[in-house]
Amino acid sequence: MSTVFIGVCSHGPGITGRAGRADPRVRDEFYRSFERMRAALEAARPDALVVVAAEHFANFFMNNMPAFAMGMAQYYDGPIEDEKWLAIQRRRVPGNANLSRRLIGAILSDVDLAYAEEWKFDHGVMVPLHFLTPRYDLPVIPVNINCQGPPLSPLTRAWALGEALRRACDAVPERIAIVATGGISHWPATPDSGKINEAWDREFLRRWSLNERDALVSYTDEETYRDAGQGGFEIRTFVAAAAAGNGAKGEIWFYEPIPIFAVGCTIGVIPVEAVVAG
Amino acid sequence: MPGSDYNRAMSLYYLQKFLYQLNRDAGVQRRFREDLEGLLGDYDLTDEERAAIRARDVGLLYVFGVNGQILMHYAALLGLEWNEYLEAMRQGVRRHGPVRAGLYAMTTDQR
């Protein structure tokens, strides 16, 4: 067993870029939950962090859109966005191409995914890293699930990817942390930005915490679009994290709608069975 | 310029491709400032789409169906602040009607 940590978090660019415009009380409580997650992540002593994200046309476009992709580079640059807009400084983030290659090789037995030896991080990865690896000293391996341009992989395939990722991580000697990041209901970058369906979010998170596959994968894209907006398609990342949890129940450490961040801000973890040292 | 009677979904693809490349490529951004007509000639766009780009009409591009994850960066490139960007899209819908193609054409809650 060398999966040592599994978590989920939000990544909206407003979380850093529009920080000054949020209610400071709620915002700071959210930031404290991110801090708690950082401490838990560090306590797990990972050698690498796999970030399961849903990028927003940073690398992949509709000319050649992979359903699933994984980074296989020695470093990644980000953010791709304007630094001032995101309030995160551009930098080089370490990767681990050798580890990527082994993980990808293992996952390919179960799920077809593309690899990428060059990959630029957008806010979808940089916002989580800003809070979780503020020194940028932990090698990161990005995984992408297309949640932007339909047709999209069904939720059952996101689940299969999560299971395959877990199997692959457990088969390498390195200690691997997995953080999946996406929005729940949200309508980002549209006139409805700031709208959040809290009841839908809480029901989704209830299912996520119970980690029951059938309940989690039962949402159709039509329902998700209607109730949770196009941003709701990003639940695929949460579904993958749940699958990686091997049936363990999740804990929600924070959930609160923060409209100026355009999402119900979420921090959750799935406890991973303790690994005996040595 | 190619005939303008090909289907809208294909045209939306090239419109988004243009904006995607503009958002990320300093060379394309330079041509956007210095040689807009030449740059537009490289993409298979309708006359209406070219006019919207010339007019810096973010709201109309939204109505055409450009994905917000592409459009918001273009708006920032034009110097629109976040609320101005949201307002531009709302104004686009008021002026030009509901979103015509792409993901948001499914949206019923147009404001």
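None of these values were measured; they are calculated from a predicted model. (Residues numbered from 1 in each chain as written. Chains lettered and ligands numbered in written order. Predicted model: local features only at pLDDT ≥ 70, side-chain atom pairs only at ≥ 80, totals over all residues. Heavy atoms only, no water.)

(A) Examining the overall build of chain B more closely. The number of helices and strands found in chain B is seven helices and zero strands. Across chain B, helices and strands are ordered from the amino to the carboxyl terminus as α-α-α-α-α-α-α. Look at the contacts in chain B between residues 6 or more apart in sequence, and 60% of them connect residues 24 or more apart. (Helix = DSSP H or I, 4+ residues; strand = E, 2+ residues; numbered from the N terminus. Contact = heavy atoms within 4.5 Å.)

(B) Region of the structure containing the interface of chain A and chain B. Taken together, the contacts link 26 residues of chain A with 26 residues of chain B. Of all residues in chain A, Phe61, Pro191 and Tyr225 of chain A bury the most surface against chain B, accounting for 28% of the area lost on that side. Linking chain A with chain B are one salt bridge. With a closest N to O distance of 3.3 Å, Glu81 of chain B and Arg21 of chain A form a salt bridge. Where chain A packs against chain B, one counts six residue pairs in polar contact (both at pLDDT 80 or more). By residue class, the composition of the side of chain A that touches chain B is 13 nonpolar, eight polar and five charged. (Buried area = accessible area lost by both parts, 1.4 Å probe. Salt bridge = Lys/Arg side-chain N within 4 Å of Asp/Glu carboxyl O. Polar contact = N/O pair within 3.5 Å; in protein donor to acceptor, adjacent residues only side chain to side chain. Nonpolar A, V, L, I, M, F, W, Y, C, P; charged D, E, K, R; others polar.)

(C) A look at the pairing of strand S8 (residues 176-181) of chain A. All names here are of chain A. Taking burial as the measure, the six residues of S8 include six buried ones, the bulk of the element. What you see with S8 is no split at all: Ile176, Ile178 and Ala180 on one side and Ala177, Val179 and Thr181 on the other are buried throughout. Relative to S8, strand S1 (residues 3-9) is paired through six bridges, and the arrangement is parallel. Bridge assignment links Thr3 to a residue of S8, and that residue is Ile176. In terms of strand pairing, strand S2 (residues 48-53) meets S8 through five bridges, oriented parallel. When the bridges of S8 are listed, Ala48 appears paired with Ile176. (Buried < 20%, exposed > 50% of the residue type's maximum accessible area, 1.4 Å probe, protein only. Pairing = 2+ DSSP bridges.)

(D) Representation of the pairing of strand S10 (residues 263-269) of chain A. Residue and element names in this part refer to chain A. For S10, a buried count of seven out of seven residues is recorded, marking the element as mostly surrounded by other parts of the structure. Relative to S10, S1 is paired through three bridges, and the arrangement is antiparallel. Directly across from Cys9, in S10, lies its bridge partner Ile267. Where strand S9 (residues 251-258) meets S10, seven bridges bridge the pair, whose relative direction is antiparallel. In the sheet register, Glu256 faces S10, and the bridge partner there is Cys265. Turn length for the S9-S10 hairpin, with the two strands adjacent in sequence and antiparallel, is four residues, and the turn residue Ala262 shows positive phi of about 65°.

(E) View of the nonpolar core. Residues Leu129 and Phe204 of chain A together with Ile53, Leu61 and Tyr85 of chain B are the most contacted members of the largest nonpolar core, which totals 142 residues. Looking at this core, the element that brings in the most residues is helix H6 (residues 155-170) of chain A, giving nine residues. Once residues within four sequence positions are removed from consideration, Tyr85 of chain B is found in contact with Ala189 of chain A together with Val58, Gly68, Leu71, Met72, Ala75 and Leu80 of chain B. (Core = buried A, V, L, I, M, F, W, Y, C linked by side-chain atoms within 4.5 Å.)

(F) Spatial organisation of the sheet that holds strand S7 (residues 140-145) of chain A. All names here are of chain A. Within the open sheet, the eight strands sit side by side as S6-S3-S7-S2-S8-S1-S10-S9. Their pairing is mixed. A strand with exactly one partner marks an edge of an open sheet, and here the two such strands are strand S6 (114-116) and S9. Across the sheet, the mean angle separating the axes of adjacent strands is 15° when strand polarity is ignored. Contacts between helix H4 (residues 97-107) and the sheet are confined to S2, strand S3 (68-71), S6, S7 and S8, with S3 contributing the most and set at about 155° to the helix. On top of the sheet, helix H10 (residues 235-244) reaches S1, S2, S7, S8 and S10; it is set at about 155° to S1, its chief contact. (Axes fitted to C-alpha atoms, helices over the stretch in contact; angles between N-to-C directions.)

(G) Quick look at the packing of H6 of chain A against H10 of chain A. Residue and element names in this part refer to chain A. Look at H6 against H10: their axes get within 7 Å of each other, and the N-to-C directions meet at 45°. Our classification of the angle between H6 and H10 gives oblique. Classified by chirality, the crossing of H10 by H6 is right-handed. Within the contact between the two elements, H6 uses Leu155, Ala158, Trp159, Gly162, Glu163 and Arg166 and H10 uses Ile235, Arg236, Val239, Ala240, Ala242, Ala243 and Ala244. (Parallel < 35°, antiparallel > 145°, perpendicular 65-115°, else oblique. Left-handed = near helix turned anticlockwise from the far one by under 90°.)

So far we have only geometry, and geometry alone does not tell us how the molecule works.
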